[in-house]
Structures are given as structure tokens and as C-alpha cells.
Amino acid sequence: MAYHGYIPFISEYAHKVKKKEENVKILEIGLLTGVTLYSVINNMNALGVTYEYTGVDIKLNEEIKIFNNYTFKTKTSKINLIEDDSLNFLKNCKEVFDIILIDGDHNYPTVKKECTFL
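Residues numbered from 1 in each chain as written. Predicted model: local features only at pLDDT ≥ 70, side-chain atom pairs only at ≥ 80, totals over all residues. Heavy atoms only, no water.

**A word on the overall build of the protein chain**
Here comes step 1: Scanning the protein chain for helices and strands turns up five helices and four strands.
Here comes step 2: Each helix (α) and strand (β) of the protein chain, taken in turn from the N terminus, gives the series α-β-α-β-α-β-α-β-α.
Here comes step 3: For 118 residues, the compact-globule estimate of 2.2 N^0.38 gives 13 Å, and the C-alpha radius of gyration of the protein chain, at 14 Å, lies within 12% of that figure.
Here comes step 4: In terms of overall dimensions, the protein chain has a C-alpha envelope of 35 × 30 × 25 Å along the principal axes.
Here comes step 5: A burial count over the protein chain gives 38% of its 118 residues as buried.
Here comes step 6: For the protein chain, the proportion of contacts with a sequence separation of at least 24, taken over those separated by at least 6, is 81%.
Here comes step 7: Accessible area of the protein chain: about 7,200 Å², with a carbon and sulfur share of 56%.
Here comes step 8: Across the protein chain, the mean location of the 14 positive side-chain charges is 6 Å away from that of the 16 negative side-chain charges. (Helix = DSSP H or I, 4+ residues; strand = E, 2+ residues; numbered from the N terminus. Rg over C-alpha atoms; globule rule 2.2 N^0.38 Å. Buried < 20%, exposed > 50% of the residue type's maximum accessible area, 1.4 Å probe, protein only. Contact = heavy atoms within 4.5 Å. Areas by Shrake-Rupley, 256 points an atom, 1.4 Å probe, with all protein chains shown as cover. Lys, Arg positive; Asp, Glu negative; His and termini not counted. Charge placed at Lys NZ, Arg CZ, Asp CG, Glu CD.)

The following block contains the structure:
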């Protein structure tokens, strides 16, 4: 699923749900080229929303790793890139997220299992 049209909505929602002392926690499953990741954080930075963005992909593109080093981040915001199978990550994940974007393996059994873990 392409989230391009939803990026302003996601960012505005994050702005509304942000708690004073905490970062908005976002999980994206399936990063591909990082278009959603970097578009969302750009909007979050523009709105002054601090965040902890966790991106999980079975294979992280080198461009994402390199770009991550040069992306504008605030002192309190974080980007965690995790190279792992989404089902393995979710099975072991104890974190609670405010926003979850599922765009990994596009088959029904995998997405159903991801939703079950979430």
C-alpha cells in the first residue's frame, strides 16, 4: 500500500496524539525505498512533533541506511532501522505504538499474522 496520500493525515494525527513528555511511537513494516519514512518524519519535524520511528524490513536497502545518517533529526527524536522478518520482530516485540503502517509482504496469510501479533 502506498501511504503517499495519507502522510499529511498521519503527521497531523501524530501532532494531536502526542503526549507532552513522550515521543509519538510509529512502526512501519516494509520500508522499501524509505519514501513513507522520510516523508512522515519531514512532516513531523515541520509540525514540531518528536517521534520514535521504528522501521522493519527483511532487507534494508543501502540507500536507506546511508540517507538515515544524513537526515535531519531532532535531539529527542529517533529512527530505529531493523533488518528482520516482520513476523519474527512482532513475535518478540513488547513495545506499544501510536501509529502502525503495514506495507511488507503483500499476502493475506502474512498480513493476517502481523495483525494478530499487533
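Having seen the model, we can carry on.
**A few points about helix 1 (residues 7–17)**
Here comes step 1: If you check which residues of helix 1 are buried, you get Ile7, Ile10, Ser11 and Ala14. Buried residues in helix 1, looked at end-on, bunch into an arc of 95°, giving them a common side. For helix 1, the exposed residues set more than 90 degrees away from the buried face come down to Phe9 and Lys16.
Here comes step 2: Buried residues along helix 1 sit in contact with strand 1 (24–29), helix 2 (35–47) and strand 4 (99–102). (Arc of directions from axis to C-beta.)

**Quick notes on the pattern of salt bridges**
Here comes step 1: Going through the model one piece at a time under the given rule, you end up with two salt bridges.
Here comes step 2: With a shortest N-O distance of 3.1 Å, Lys25 and Glu95 are connected by a salt bridge. With a gap of 70 residues between them, Lys25 in strand 1 and Glu95 in the loop between helix 4 (86–92) and strand 4 connect regions that are remote in the sequence.
Here comes step 3: Judged by its relative accessible area of 26%, Lys25 falls in the partly exposed class. (Salt bridge = Lys/Arg side-chain N within 4 Å of Asp/Glu carboxyl O.)

**Examining the packing of aromatic side chains**
Here comes step 1: One pass over the full model with this rule turns up one aromatic pair.
Here comes step 2: Judged by centre distance (4.5 Å) and plane angle (90°), the ring pair of Tyr38 and Phe67 falls under edge-to-face. Taken together, the positions of Tyr38 in helix 2 and Phe67 in helix 3 (residues 62–70) put the pair 29 residues apart, joining distant regions of the chain.
Here comes step 3: Assessed through its relative accessible area of 11%, Tyr38 is described here as buried.
Here comes step 4: With relative accessibility at 44%, the residue Phe67 sits in the partly exposed group. (Phe/Tyr/Trp six-rings, centres within 6.5 Å; stacked < 30°, edge-to-face > 60°.)

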